[in-house]
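# Notes for the structure review
Letter by letter, the chains look like this.
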Amino acid sequence: MKIGTSAIGIPLSPPISDDNVVAWAKNLFKKDKITTISQTARVTGDFNVELDNNSVKSNLIREFNMQFRDESNGVQSKASQKRRMSGAVVDISVTVSVYRGKTKVEYVLKHPFELTSDGSIKNYNDKIISTALEQLKKAANA
């Protein structure tokens, strides 16, 4: 690693020395040491519901125990919740909006998990996001 300069000529030093990079890399490949990398599977999207806005919010409060906060624009409400499902965690964030006299639900589903240097994956469930989305749609349309 070499010292460089920024666009305005200020010298920049690398954040880690060459010796530390070599030592860190060697530690990654020792059999008795396991390095963990945190990852997140993320899915976003939206769907329409043929119910009014308050009915959809009420359904999500009842089924998911969500606490909504109204946005200042008067047509949107947001809520989020962390759920444990099938031994894994999924973070659910929703925005409920008035849409053409009905309701639009926008969602972000995140599933945190860990990759390890020994090749294993911890806390990952490949079906959790699709299951959470199915439950979210079912609750919103209840």
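An account of the accompanying structure is given in this report. Computed from a predicted model, the values in this text were never measured in an experiment. (Residues numbered from 1 in each chain as written. Predicted model: local features only at pLDDT ≥ 70, side-chain atom pairs only at ≥ 80, totals over all residues. Heavy atoms only, no water.)

### Concerning the nonpolar core
- Core analysis: the largest hydrophobic core is formed by 24 residues, its most contacted members being Phe 47, Leu 60, Met 66, Ile 92, Val 94, Leu 109 and Leu 136.
- Elements with a contribution of two residues or more to this core: strand S3 (36–49), helix H2 (53–64), strand S5 (76–85), strand S6 (88–99), strand S7 (102–116) and helix H3 (128–140).
- At seven residues, H3 tops the list of elements feeding residues into this core.
- Not counting residues within four places of it along the chain, the set of residues in contact with Phe 47 comprises Thr 103, Lys 104, Val 105, Tyr 107, Leu 133, Leu 136, Lys 137, Ala 140 and Asn 141. (Core = buried A, V, L, I, M, F, W, Y, C linked by side-chain atoms within 4.5 Å. Buried < 20%, exposed > 50% of the residue type's maximum accessible area, 1.4 Å probe, protein only. Helix = DSSP H or I, 4+ residues; strand = E, 2+ residues; numbered from the N terminus. Contact = heavy atoms within 4.5 Å.)

### Remarks on the pairing of S5
- Pairing between strand S4 (residues 69–70) and S5: two bridges, direction antiparallel. Looking at the pairing, Arg 69 lines up with Lys 78 of S5.
- Counted along the chain from S4 to the antiparallel partner S5, the turn is five residues long, and its residue Gly 74 has a positive phi close to 80°.
- Pairing of S5 with S6 involves 10 bridges; the strand directions are antiparallel. Paired with Met 85 across the two strands is Ala 88, which belongs to S6.
- Linking S5 to S6, which pair antiparallel, is a turn of two residues; within it Ser 86 sits at a positive phi near 50°. (Pairing = 2+ DSSP bridges.)

Purely spatial values, then, with no claim about function.
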